[in-house]
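Analysis of the macromolecular model
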Amino acid sequence: MLFRSPIICAKQAASVDRLAGSRFRLGVGAGVSAEEMANHGARFDQRHLAMREHVEAMRAIWSGGVVEYHGRTVDFGPLRAGPRPARIGGPPIFVSGDGPRAHERVLRYGDGWMFRAGEVLPLGLSKRMSAFREACHRAGRGRLPVIAVDMAHRPSDLEAYAAAGVDETL
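Let us look at the structure shown here. (Residues numbered from 1 in each chain as written. Predicted model: local features only at pLDDT ≥ 70, side-chain atom pairs only at ≥ 80, totals over all residues. Heavy atoms only, no water.)

Here's the deal with the packing of helix α1 (residues 6–19) against helix α3 (residues 47–62)
In contact at an axis separation of 9 Å, α1 and α3 are set at 55 degrees when each is read in the N-to-C sense. Considered as vectors, α1 and α3 are oriented oblique to each other. As α1 packs across α3, the resulting crossing turns out to be right-handed. Residue-level contacts link Pro6, Ile7, Cys9, Ala10, Ala13 and Ala14 of α1 to His54, Ala57, Met58, Ile61 and Trp62 of α3. Looking at the contact of α1 with α3 residue by residue, the class counts come to ten nonpolar, one polar and no charged. (Axes fitted to C-alpha atoms, helices over the stretch in contact; angles between N-to-C directions. Helix = DSSP H or I, 4+ residues; strand = E, 2+ residues; numbered from the N terminus. Parallel < 35°, antiparallel > 145°, perpendicular 65-115°, else oblique. Left-handed = near helix turned anticlockwise from the far one by under 90°. Contact = heavy atoms within 4.5 Å. Nonpolar A, V, L, I, M, F, W, Y, C, P; charged D, E, K, R; others polar.)

Observations concerning the nonpolar core
If you look at the biggest cluster of nonpolar residues, it comprises 44 residues, and the most contacted ones within it are Trp62, Phe76, Trp113, Phe115 and Val166. At eight residues, α3 tops the list of elements feeding residues into this core. (Core = buried A, V, L, I, M, F, W, Y, C linked by side-chain atoms within 4.5 Å. Buried < 20%, exposed > 50% of the residue type's maximum accessible area, 1.4 Å probe, protein only.)

Quick look at the pattern of salt bridges
Side chains that differ in charge, positive against negative, can pair when their charged atoms come close. Within this structure, the stated rule accounts for ten salt bridges. One salt bridge in this structure joins Arg87 and Asp17, with 2.3 Å as the shortest N-O distance. With Arg87 in the loop between β3 (75–79) and β4 (93–96) and Asp17 in helix α1, the pair connects residues that are 70 residues apart, well separated along the chain. When its relative accessible area of 22% is taken as the criterion, Arg87 is described as partly exposed. Salt-bridge contacts for Arg133 lead to Asp167; the nearest nitrogen and oxygen are separated by 3.3 Å. Within this pair, whereas Arg133 is found in helix α5 (residues 117–138), its partner Asp167 is found in the loop between α6 (155–164) and β7 (168–169), the two being separated by 34 residues in sequence. The exposure class assigned to Asp167 is partly exposed, which follows from its relative accessible area of 39%. (Salt bridge = Lys/Arg side-chain N within 4 Å of Asp/Glu carboxyl O.)

As C-alpha cells, then:
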C-alpha cells in the first residue's frame, strides 16, 4: 500500500467495491522489509504514519466532493476523485499487524484486524484475541471482525482460530 498513490488506490478500491456489489474489503499493512521500502522510495521508519495517512486520505476521497489532505507522508491539494465506492464511507479496511501496537492502529483507523497466523499463534492466539476484544470494548468500537491469514490451513489451527473467536481465515 505504501508504494502506491492513495489517490489511485482509493479509485481502484472504489471501482472493485462497485463491481463486487459491496463485498470488497481492503487489507492494509505497513510492511516489514526496509530494503523493499527503500527500493520504492518509502521510509521504513515512517511506515506506520504513512499507512495511517494513506487510509485517512482514501477515506477523505471516498467521502465525495472536493477534498484535500496534508500530512507528513501524503500531501495533495483540492481534488474531486471518482468513482465513489458502492458503500457510503468506502469498503471496510482491515489493518494488518502482529506487533504490540497493532490493536491500537486497528482501533484508530480500521474496521477490522487481520494478522499473519504464523506470527500470532506462537504469541498465544487466545490471549491476543481476548486483548483485542477488550480493547474494542474499552474504545466503544463494539465487536470488530478478525481475519487470520494462514496459507497452511491445518485442521488443528482452524479449530484454534474458531475457539479463540477469529471470524474468518484466508
